[in-house]
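# Examination of the molecular architecture
Here is what each chain is made of, one letter per residue.
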Amino acid sequence: MALLTLIDAHLAYGHHPLLDGAALALESGERLGLIGRNGSGKSSLLKILAGLDKPDDGVLQVQTGLRRVYVAQEPVFGAGLSVFDAVAEGVAEARALRARYEAHEPGVDLDALQTRIEALDGWTWEQRVTESLQRLELDPDRRVDELSGGLRKRVALAEALVAAPEVLLLDEPTNHLDIAAIEWLQELLAAGTGWRGALVFVSHDRAFIDAVATRIVELDRGRLRSYPGNFTAFEAAKQRELEAEALAAARADKLLAQEEVWIRKGVEARRTRSVSRVQRLVALRQQRSQRRETLGQVRLELDAGLPPGKIVAELQGVSKGYGGRTLIDRFSATILRGDKVGLIGPNGCGKTTLLKLILGEIAPDAGSVRQGTRLQVAYFDQMRGGLDLDATLADTISPGSEWVEIGGARKHVMSYLGDFLFPPERANAPVRTLSGGERNRVLLARLFALPANVLVLDEPTNDLDIDTLDLLEELLQGYAGTVFLVSHDRRF
């Protein structure tokens, strides 16, 4: 019997249907990778499966007593909590029951209490919390609100895992994690490893999906399509499916066009037309009106700006540290025009500091840095700090003007937003109404509207859908300028 079964689910915001008769069943031990375009409704579906939200219509059937734990993209914790206390929230019921048992509250059925504590493995909850903290390399005494985004994500994962759920629901679990943490999580969650529960996760990390998923479910135009196997198997099956869908649509359009010509023929032809053929035409028209077209492709263009000198930056024996801790130690390098430089390493190791040294934003403690000439630098900020949430999309892309200039050519801001899959009716919507992935698309749109011969991309792949990632890869490979790329996306 399935742990969770979703039947004929419908969900819409305004006139935009996110779920349109969606159906899904989750079996014990499955690792289900949920993928789809930004804004397609993946996070909304995950919350429905977690029992946090309800569909507009349809049914979610859940096994009696099933333990479900949901971890959001951006986890929220209580103010002032220590890491130990935050993780211990995952065993809150076991803690409370054991405290009642040890207090010998009058009128309490101690046998029933003991049975429930044993079912929750509550006698050893401190040990489980400590083990979880050790496995995720977390300091139990630190305050959660002092931690970086990556460490806060680890705390949320530790809280979820210590609860030992039968169904774990994760929304973008690899965001803000460094490569070592992603590989640890990947090993923990993969089928056949220590954790035996069922998993549903939303991710755009293709290497992570490939390693963890036993089944791919794609949310596409309101419907759920299931593909057995990992992400590589899905890519091959999806390509065949899209080709067949395009062929079938072309045939249907051709037949409809022929029938429309026939029905409009002269009086003599109309006298002899058959009732069944007219009925078929009506049916063809209806099918065409109901067909939900394949979503458009993001169109990405970059303005490489003025050509810089041959050397972008030259570093000789550069060192830099903060608070007695050395981050960069006697580093030498020459960055040339057109180089594509990937910066990888654990969170907090000094990647951003190195970038600032290369671009001359901070001075080294020792050594020398020489910048090249005619540098035009554009930044992509992983924390989206440069976005005004109350500004409209149009004002964010082109403040005070209806036009964007790329490579010497002018383009209307509405048309330019359309290149990034934002329809004209959303151009005047505030940025705060966008999903995480849509905000990243806006940042890319603004970035690419600037003439730049040096691009600094700090975690640009977070929340971007897989189609946009593929296009961004192609664009950067063909870009004539210099790229500095900080990313934990191994395939990217």
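Shown above is the structure to which this text applies.
Residues numbered from 1 in each chain as written. Predicted model: local features only at pLDDT ≥ 70, side-chain atom pairs only at ≥ 80, totals over all residues. Heavy atoms only, no water.

### Here's the deal with the overall build of the chain
For the record, the criterion: A run of H or I in DSSP becomes a helix once it reaches four residues, and a run of E becomes a strand once it reaches two; helices and strands are each numbered from the N terminus. Burial classes: relative accessible area under 20% of the type maximum marks a residue as buried, over 50% as exposed, and values in between as partly exposed (1.4 Å probe, protein chains only).
Across its full length, the chain carries 16 helices and 18 strands. Burial statistics for the chain: of 492 residues in total, 44% are counted as buried.

### Concerning helix α1 (residues 42-50)
The buried count for α1 comes to 7 of 9 residues, which makes it a mostly enclosed element. Among the residues of α1, those classed as buried are K42, S44, L45, L46, I48, L49 and A50. Looking one or two places after α1, you find G51, whose phi comes out positive at around 85 degrees.

### Looking at unusual backbone geometry
Even without being glycine, A164 reaches a positive phi, approximately 50 degrees. For A164, the location among the structural elements is in the loop between α6 (149-162) and β6 (167-171). Using a relative accessible area of 36% as the deciding quantity, one classes A164 as partly exposed. Notably, R221 is not glycine yet its phi reads approximately 55 degrees, a positive angle. Along the chain, R221 falls in the loop between β8 (215-220) and β9 (223-228).

### Looking at the packing of aromatic side chains
Cut-off, in case you're wondering: Within 6.5 Å between ring centres, the rings of Phe, Tyr and Trp (the latter by its six-membered ring) count as paired, and their orientation is classed by plane angle as stacked under 30 degrees, edge-to-face over 60, tilted in between. A ring is scored as having a charge over it whenever the NZ atom of a lysine or the CZ atom of an arginine sits within 6 Å of its centre and within 35 degrees of its normal.
With the rule as written, the count across this model stands at 5 aromatic pairs. Look at Y101 and W123: their rings are 5.2 Å apart centre to centre, the planes differ by 80 degrees, and that puts the pair in the edge-to-face class. One end of the pair, Y101, is in helix α3 (residues 92-103); the other, W123, is in the loop between α4 (110-119) and α5 (125-135), and 22 residues separate them in sequence. Aromatic side chains Y227 and F234 sit 5.0 Å apart centroid to centroid with 80 degrees between the ring planes, which places their arrangement in the edge-to-face category. Y227 gets classed as buried once you look at its relative accessible area, which sits at 6%. Classification of F234 as buried rests on a relative accessible area of 6%. For R441, the ring lying beneath its charged end belongs to F422, and the centroid distance is 4.8 Å.

### Considering helix α7 (residues 179-189)
Worth spelling out the cut-off: Directions from the helix axis toward the C-beta atoms define the arc. Any pair of residues with heavy atoms lying within 4.5 Å of one another is described as a contacting pair.
Looking at α7, one finds that the buried residues are A181, I182, L185, Q186, L188 and L189. On an axial view of α7, the arc spanned by its buried residues comes to 165 degrees, and they lie on one face. Summarising the geometry of α7, the exposed residues directed more than 90 degrees from the buried face are A180 and E187. For α7, the elements touching its buried residues are β3 (31-36), α5, α6, β6, β7 (198-202) and α8 (206-212).

### A short note on the pattern of salt bridges
Short version of the rule: We define a salt bridge as a side-chain nitrogen of Lys or Arg found within 4 Å of a carboxyl oxygen belonging to Asp or Glu.
Tallied over the entire structure, the rule returns 18 salt bridges. One salt bridge connects R215 with E30, and the closest N-O pair in it is separated by 2.8 Å. You can see R215 sitting in strand β8 and its partner E30 sitting in the loop between β2 (16-26) and β3, a full 185 residues away along the chain. For the pair shown, R215 and E30 are each scored as buried.

### Focus on the packing of α3 against α4
Helix-helix packing is characterised by the crossing angle of the two axes and by the distance between the axes. As a reminder, the rule being used: To obtain each axis, a line is fitted to C-alpha atoms, and for helices this fit is confined to the stretch in contact; angles are then taken between N-to-C directions over 0 to 180 degrees. Geometric relationships in this document are graded by angle, where less than 35 degrees denotes roughly parallel, more than 145 denotes roughly antiparallel, 65 to 115 denotes roughly perpendicular, and other angles denote oblique. Working rule for handedness: look at the near helix, and if it is turned counterclockwise from the far one by less than a right angle, call the crossing left-handed; if clockwise, right-handed. Three classes are used, and their members are as follows: Ala, Val, Leu, Ile, Met, Phe, Trp, Tyr, Cys and Pro are nonpolar, Asp, Glu, Lys and Arg are charged, and the others, Gly among them, are polar.
Running from N to C, α3 and α4 cross one another at 150 degrees; their axes reach a closest spacing of 10 Å. Taken together, the axes of α3 and α4 lie roughly antiparallel to each other. Judged by the twist between their axes, the crossing of α3 over α4 is left-handed. Within the contact between the two elements, α3 uses E93, L97, R98, R100 and Y101 and α4 uses L110, L113, Q114, R116 and I117. Split into classes, the residues belonging to the contact of α3 with α4 amount to 5 nonpolar, 1 polar and 4 charged.

### Some words on the side chain of N175
Mapped onto the elements of the fold, N175 is located in the loop between β6 and α7. Once you skip the residues sitting within four places of it in the chain, N175 turns out to touch Q73, K153, N462 and D463.

### Brief notes about the sheet that holds strand β10 (residues 311-322)
Spelled out, the test is: For two strands to count as paired, DSSP must find a minimum of two bridges between them.
Read from one edge of the open sheet, 3 strands run β11-β10-β13, paired in antiparallel fashion. Pairing within the sheet leaves two strands with one partner each, and these edge strands are β11 (325-336) and β13 (366-371). Taking each pair of neighbouring strands and ignoring which way they run, the sheet shows an average axis angle of 15 degrees. Looking at chain direction, β10 and β11 are connected through 8 bridges and run antiparallel. Within β11, the residue paired with E314 across the bridge is T334.

### Re the sheet that holds β3
Strand order across the open sheet formed by 6 strands is β5-β6-β7-β3-β8-β9, with mixed pairing between neighbours. With one partner strand each, in any of the chains shown, β5 (68-71) and β9 form the two edges of the open sheet. The average undirected angle you get between the axes of adjacent strands in this sheet is 20 degrees. Note: β3 against β7, 4 bridges, orientation parallel. Bridged to L32 within β7 is V200. Contacts from α6 reach β5 and β6 within the one sheet, and its direction differs from that of β6 by about 165 degrees.

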